[in-house]
Amino acid sequence: MEHLSHDILIIGGGAAGLRAAIAAAELNPKLDIAIVSKVYPMRSHTVSAEGGMAAVLRTDYDNFDLHAYDTIKGSDFLADQDAVEFFVKEAPKESIRLEHWGCPFSRDPDGRISVRAFGGMSVKRTLFATDKIGFHLLHTLFQTSLKFENIRRYDEWFATSILVDNGQVDGVTAIDIRSGELVSFLAKAVVIATGGCGRIYQFTTNGWIKTGDGMAMAYRVGVPLKDMEMVQYHPTLLPNTGILITEAARGEGGHLLNKDGERFLKRYVPNKMELGPRDILSRAEMTEIKEGRGFEGPYGSYVNLDLTHLGAETIEAKLPFVKELAERYLGIDPVHEMIPVRPGQHYMMGGVHTDIHGYTGLPGLYAAGEMACVSMNGANRLGSNSLTECLVFGAEAGIGAAEYAIKQRSPSFGNPVQGLALEEEKRIYDRVLKSETGEKISTVRAEMQKTMEEHACGLLGDLKKRMKNAVVEDKDRVYNTDLVSALELDFMLDIAETIAYAALARKESRGAHSRTDYPKRDDVQFLKHLVVYETGTVPRIDTMPVSITRWKPEARVY
Ligand SMILES: Cc1cc2nc3c(=O)[nH]c(=O)nc-3n(C[C@H](O)[C@H](O)[C@H](O)COP(=O)(O)OP(=O)(O)OC[C@H]3O[C@@H](n4cnc5c(N)ncnc54)[C@H](O)[C@@H]3O)c2cc1C
């Protein structure tokens, strides 16, 4: 088997991965850094972010404590407050850095970067670039990464496992999708930034590539996953496709209406209305629908998002992408007609456990972005905090990996690393690819997605067994996307199980986690993180304390 060597490997070319690469490259131009990404970096899910990124820039009315408090209250007091305090202070620095690198933010007439209102934020602090922040942010990072001669890329390479020897990370194995060959990448430090896992669910805003690969790879080498039961549902998805209509539509003044034309949120979040947090809004919509005040359409039940009172000028200037999406995917002009919407999976608060510097606890392994859990989002993330999180903690992980790598010697391709890589080759080509008689990958995937709407732990165990015999129909090696899908599904089944088991163990309702059998928040028993470990059979659940610095838990009313 071929093997390649770099000082630092970054798995993922989204906001977190690119930011980590730049931070490491800036720290020491002698470090040899490689980014491995299963898609071209500009196709990472970050590109689809619409609404904006949060940071305290308007110090005339805003401050760090307010941003921290909003984030902690939004998290239903499960966020680690030391991480949040670090985050809010770094956020403005990262935004200004991005601006200096050329990110074309929308601006006020006086030249300052514009800010808009966002759910759960007390004041306007979300910077934006019309309603395409992800596209512009990712372009800016990508172009900046090209300036560094010590960053090289492996685009369309699929990482399959992390190589660990003697309690320390030595690299990863990855398939060159073009040739279908498995290669070992040796490295002194690895940063995983592979994004979320929304594709575990049937109805999601997430791109097809969001399959939790990095979470599963880390889990399989013994790193715990934290807050996995905390899965965010966003209140405004197009009912036919799951495409997101950004929260910015409400930030700019859009209303949610039920069948009676009523702004029903007055019964749920009277002080915040459409700018309440996502968990509460999504549940409010489901209650309206359940109690018969929703609409019925060809794609199920929905409520209406009304932008008609905003006028053509505001919609063209600030929400052009919302207009384009509504027109293209539903044939609706939001200047004159209401947009049908319903809740769906959007974001993972949980992920690989890390400290504030992106360190996972396994020497040499760092993690950042949606796949990591530092945890600053706790039980519910506030919209527009995530992109900034990718920048702040992406940079930390890059610096952490660089500082570690500088002190390490290069691993060699002897045993046991070579043996691990050969075992991985056997798993992929002799077991996953060779199977001739079982079910289709797509059948198992569809059943997993259905199961996740019900959170049934036992069924997921059965699906894992069925997956062992599932058939990859394309037996060729070149551009075998069927094989990649099989490996992704194998990752997703592990992650699905961690979500289901953690959800079962948390016997309370908090933030996004809502149980009809335990409808109340229970700070006595559950003001703590659940962490999940791989055991080979059913996942093992343990706990970690929540860091509380200055904000005592209180009732979460809006
Ligand atoms: C539609 C939508 C709109 C959003 N809008 C906003 C917003 O306005 N504001 C906000 O703050 N947040 C928003 N979010 C959330 C935010 O965009 C994401 O959480 C964030 O972009 C995640 O970035 P990331 O770098 O962690 O991962 P991603 O951008 O998902 O990148 C993951 C990278 O990992 C690579 N990868 C994955 N698996 C492998 C593997 N096995 N081998 C090799 N490479 C791999 C991929 O190729 C990719 O490059 C939105 C999310 C969605 C879905």
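What you are looking at is a predicted structure, and each value in this text was computed from that prediction instead of being measured. (Residues numbered from 1 in each chain as written. Predicted model: local features only at pLDDT ≥ 70, side-chain atom pairs only at ≥ 80, totals over all residues. Heavy atoms only, no water.)

K.L.:
Would you take a moment to explain the environment of Thr46 for this structure?
P.N.:
Along the polypeptide, Thr46 turns up in the loop between β2 (33-37) and β3 (53-54). By relative accessible area, Thr46 is classed as buried at 14%. Here the alpha-carbon distance between Thr46 and Gly361, two residues 315 residues apart in the chain, equals 26 Å. Setting aside residues up to four positions removed in sequence, Thr46 forms contacts with Gly14, Ala15, Gly134, Phe135, Leu137, Leu138 and Leu387. (Helix = DSSP H or I, 4+ residues; strand = E, 2+ residues; numbered from the N terminus. Buried < 20%, exposed > 50% of the residue type's maximum accessible area, 1.4 Å probe, protein only. Contact = heavy atoms within 4.5 Å.)

K.L.:
Help me out: how do you make sense of the site of the ligand in this one?
P.N.:
Taken together, 41 residues form the shell around the ligand, and within it Ser37, Ser44, His45, Thr46 and Glu370 come nearest. Separating a nitrogen atom of the ligand from a backbone N or O atom of Glu50 is a distance of 3.4 Å. At 2.8 Å, a backbone N or O of Leu387 approaches an oxygen atom of the ligand. Contact with the protein chains covers 98% of the free accessible surface of the ligand, which is 1000 Å². Elements supplying a minimum of two residues to the shell around the ligand: α1 (15-27), β2, β7 (157-165), α5 (213-220), β15 (339-348) and α10 (385-407). For the shell around the ligand, the element with the most residues is α10, which contributes four residues. Each residue belonging to the shell around the ligand can be placed in one class, and the counts come to 16 nonpolar, 19 polar and six charged. (Near = heavy atom within 4 Å. Polar contact = N/O pair within 3.5 Å; in protein donor to acceptor, adjacent residues only side chain to side chain. Areas by Shrake-Rupley, 256 points an atom, 1.4 Å probe, with all protein chains shown as cover. Nonpolar A, V, L, I, M, F, W, Y, C, P; charged D, E, K, R; others polar.)

K.L.:
How should the domain arrangement of the protein be read in this particular structure?
P.N.:
Interface extent is often summarised as the accessible area lost during association of the parts. Splitting the protein by domain gives domain 1 (236-343) and domain 2 (417-545). A straight line from the C-alpha centre of domain 1 to that of domain 2 covers 32 Å. (Domains from an automatic or database assignment.)

K.L.:
It is not clear to me how unusual backbone geometry should be interpreted in this structure. Could you clarify?
P.N.:
Excluding glycine, most residues fall at negative phi; most peptide bonds, likewise, are trans. Put simply, Val374 and Ser375 share a cis peptide bond, and its omega is -10 degrees. Its location among the elements puts Ser375 in the loop between β18 (372-373) and α10. Here the amide bond leading from Asn415 into Pro416 is cis, since omega sits at 10 degrees, within 30 degrees of zero. Topologically, Pro416 is positioned in the loop between α10 and α11 (417-432). Residues other than glycine seldom take positive phi values, yet Asp76 does so here, at roughly 55 degrees. By secondary structure assignment, the location of Asp76 is in the loop between α2 (64-74) and α3 (81-100).

K.L.:
Explanation requested: the pattern of salt bridges in the structure shown.
P.N.:
Here the idea is simple: oppositely charged side chains can pair when their charged atoms come close. Within the structure shown, the criterion is met by 50 salt bridges. The partner of Glu327 in a salt bridge is Lys323, and the shortest N-O contact between them spans 2.9 Å. Of this pair, Glu327 and Lys323 both sit in helix α9 (residues 320-330), four residues apart, roughly one helical turn. For Lys323, a relative accessible area of 13% gives the class buried. (Salt bridge = Lys/Arg side-chain N within 4 Å of Asp/Glu carboxyl O.)

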